Amino acid sequence: MIGKDFVFDGVSIPYTTAEGKAAGWYADVKWTGVATRNFTTSRQDFHGTIAKPTFADGKVIDISGEIFSTAKTSRGAAKNIIADLFKVLDFPSEDNELKHLEFTDDDGTDWYIVCKVYTMPQYDHQRGEPVITFSTQLYAPDPLILSAQLQTSNGIYGLWGGIHLPVELPIDLSGAINSLECVNSGNFAAKAKITIVGDILNPKIYNLTSGRFFQLNISMVAGDILIIDTESVTAELNGVSVLGDRADGSNWLFVNSGTNHFLLGGGDFDYNAQNKATILIEWHDTKIV
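Before going into details, it helps to say that this report is about the structure given with it.

## A short note on the environment of Asp 95
Step number 1: For Asp 95, the location among the structural elements is in the loop between helix H2 (72-85) and strand S9 (99-104).
Step number 2: On the accessibility criterion, Asp 95 (75% relative accessible area) is exposed.
Step number 3: When the C-alpha positions of Asp 95 and Ile 61 are compared, they lie 20 Å apart, and in sequence the two are 34 residues distant.

Next up, the structure:
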């Protein structure tokens with residue numbers, strides 16, 4: 001996976017030979033490769049260790065290239081462009097220094113990584129030579145790569161139920177009404193934003209595929225808007241936090257890799273008014289490489 005059409009903070013990074021000739025510089029962007037974080041404790045009673053779960057760490061993105069021109073002024077102009085693009089901010093903060101690195105993968109899919117300048121550009125230039133080599137680094141605190149296209153799926157008030165017999169069977173006798181399908185074409189669980197609108201008692205959102213659910217013990221009426229956001233870890237009814245009404249056993253919901261089936265349930269389902277509450281699920285296909 002090499003990628004092409006790299007854009008950082010809205011500025012194109014010349015990559016092909018033709019782009020490099022036109023701009024007077026080019027760069028290679030190494031956006032794959034993720035470090036992992038592991039914690040182990042030596043066992044006191046036997047061989048081996050006690051190992052904690054393995055987590056992905058942040059991603060360092062190496063950028064290296066060349067500035068080339070027989071004219072010194074042209075080399076200087078290109079160097080200024082690079083210095084301005086990969087510079088630290090005057091007053092950096094968590095809110096303003098994270099930017100998008102956008103690119104197209106080998107299969108033609110558009111993706112982006114949220115990252116910041118990690119190291120300032122370093123240059124190497126021999127006197128009298130028309131070529132200046134340079135290198136710099138970006139850093140993504142979250143190692144996930146997100147699709148540029150926002151994915152959505154919507155549905156209406158549904159019902160899930162059934163019975164589990166007290167004998168072992170190869171299937172569960174259960175069923176769902178008005179479930180909706182969400183497909184994550186990446187290889188990693190995608191954070192979801194869920195919007196529920198309408199009249200519903202104690203809304204409960206199931207991911208029937210993973211077995212997880214998120215429920216709030218609240219009463220909504222027509223016109224109410226509830227937004228549950230796994231990215232920001234918030235749940236707000238008409239703009240006011242209702243996390244204090246989260247039901248026991250609730251988990252933040254993700255659109256797992258592949259096909260997922262979601263369902264909006266509640267405490268006052270009405271076969272004759274299934275449209276009285278609606279659900280919209282939004283996510284970006286997500287991968288880690």
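## A word on the nonpolar core
Step number 1: The biggest cluster of nonpolar side chains holds 28 residues, and the ones touching the most others in it are Ile 194, Ile 196, Ile 205, Leu 226, Ile 228 and Ile 281.
Step number 2: Elements represented by at least two residues in this core include exactly strand S15 (180-184), strand S17 (193-198), strand S22 (225-229), strand S23 (234-237), strand S26 (258-265) and strand S27 (277-287).
Step number 3: For this core, the leading source of residues is S27, giving 4 residues.
Step number 4: Setting aside residues no more than four positions away along its own chain, Leu 226 makes contact with Ile 194, Thr 195, Ile 196, Pro 203, Leu 216, Ile 218, Met 220, Glu 236, Leu 237 and Val 242.
Step number 5: Ranked by size, the runner-up nonpolar core spans 25 residues in total, among them Val 29, Ile 82, Phe 86 and Leu 101.

## Examining the pairing of S27
Step number 1: In terms of burial, S27 is a largely internal element, 8 of the 11 residues being buried.
Step number 2: Pairing analysis gives 9 bridges linking strand S12 (residues 145-156) to S27, with the strands arranged antiparallel. Paired with Thr 152 across the strands is Glu 282, a residue of S27.
Step number 3: Where S17 lies against S27, 6 bridges are found, and the strand directions are antiparallel. Across the sheet, the residue bridging to Val 197 is Thr 278, located in S27.

## Side note on the pairing of strand S3 (residues 25-30)
Step number 1: Here S3 shows one buried face, formed by Trp 25, Ala 27 and Val 29, and one open face, formed by Tyr 26, Asp 28 and Lys 30.
Step number 2: In this structure, S3 lies alongside strand S8 (residues 59-68), joined through 6 bridges in antiparallel fashion. Each bridged residue has a counterpart across the sheet, and for Val 29 the counterpart in S8 is Ile 63.

## What to know about the layout of surface pockets
Step number 1: Roughly 370 Å³ of internal volume is contained in the largest pocket.
Step number 2: Together, 19 residues line the largest pocket, and Tyr 112, Leu 146, Lys 191, Glu 231 and His 284 are the ones closest to its centre.
Step number 3: Only strand S10 (110-124), S12, strand S16 (190-191) and S27 provide two or more residues apiece to the lining of the largest pocket.
Step number 4: For the lining of the largest pocket, the leading source of residues is S27, giving 4 residues.
Step number 5: Space inside the second largest pocket adds up to approximately 190 Å³.
Step number 6: Lining of the second largest pocket is provided by Arg 37, Thr 54, Phe 55, Ala 56, Asp 142, Pro 143, Leu 144, Phe 188, Ala 189, Lys 191, Phe 254 and Ile 288.

## Regarding the sheet that holds S15
Step number 1: Pairing in this open sheet of 4 strands is antiparallel, and the strands run S15-S26-S19-S20 from one edge to the other. Each edge of the open sheet carries a strand with a single partner, namely S15 and strand S20 (212-215). This sheet shows a mean twist of 20° between the axes of neighbouring strands, independent of strand direction.
Step number 2: Across 5 bridges, S15 lies against S26 in antiparallel orientation. What sits directly across from Leu 180, in S26, is Phe 262.

## With respect to the side chain of Ser 147
Step number 1: Structurally, Ser 147 is set in strand S12.
Step number 2: The contacts of Ser 147, once residues within four sequence positions are left out, are Asp 110, Trp 111, Tyr 112, His 284 and Asp 285.

## Comments concerning the environment of Tyr 157
Step number 1: Here Tyr 157 is to be found in the loop between S12 and strand S13 (159-163).
Step number 2: Classification of Tyr 157 by relative accessible area gives buried; the value is 0%.
Step number 3: Separated by 44 residues in sequence, Tyr 157 and Leu 201 place their C-alpha atoms 11 Å apart.
Step number 4: Within the structure, Tyr 157 has its side chain in polar contact with the backbone nitrogen of Gly 267 (distance 3.5 Å).

## Side note on H2
An α-helical turn contains 3.6 residues, so a residue and the one three or four places further along point in the same direction.
Step number 1: If you check H2, its first and last C-alpha atoms are 20 Å apart, about what 14 residues at 1.5 Å a residue would give, namely 20 Å.
Step number 2: Considered for burial, the residues of H2 that qualify are Arg 75, Ala 78, Ile 82 and Leu 85. When H2 is viewed along its axis, its buried side chains cluster within an angular range of 90° and face the same direction. Exposed and oriented more than 90 degrees from the buried face of H2 are Lys 72, Thr 73 and Asp 84.

Here is what the cut-offs are and how they apply
- Residues numbered from 1 in each chain as written.
- Predicted model: local features only at pLDDT ≥ 70, side-chain atom pairs only at ≥ 80, totals over all residues.
- Heavy atoms only, no water.
- Helix = DSSP H or I, 4+ residues; strand = E, 2+ residues; numbered from the N terminus.
- Buried < 20%, exposed > 50% of the residue type's maximum accessible area, 1.4 Å probe, protein only.
- Core = buried A, V, L, I, M, F, W, Y, C linked by side-chain atoms within 4.5 Å.
- Contact = heavy atoms within 4.5 Å.
- Pairing = 2+ DSSP bridges.
- 1 Å grid on protein atoms, 1.4 Å probe; cavity = no way out; pocket = protein on both sides within 12 Å on 5 of 7 lines; lining within 4 Å.
- Points joined across faces, edges and corners; volume = space filled by probe spheres on them.
- Axes fitted to C-alpha atoms, helices over the stretch in contact; angles between N-to-C directions.
- Polar contact = N/O pair within 3.5 Å; in protein donor to acceptor, adjacent residues only side chain to side chain.
- Expected span 1.5 Å × (residues − 1).
- Arc of directions from axis to C-beta.

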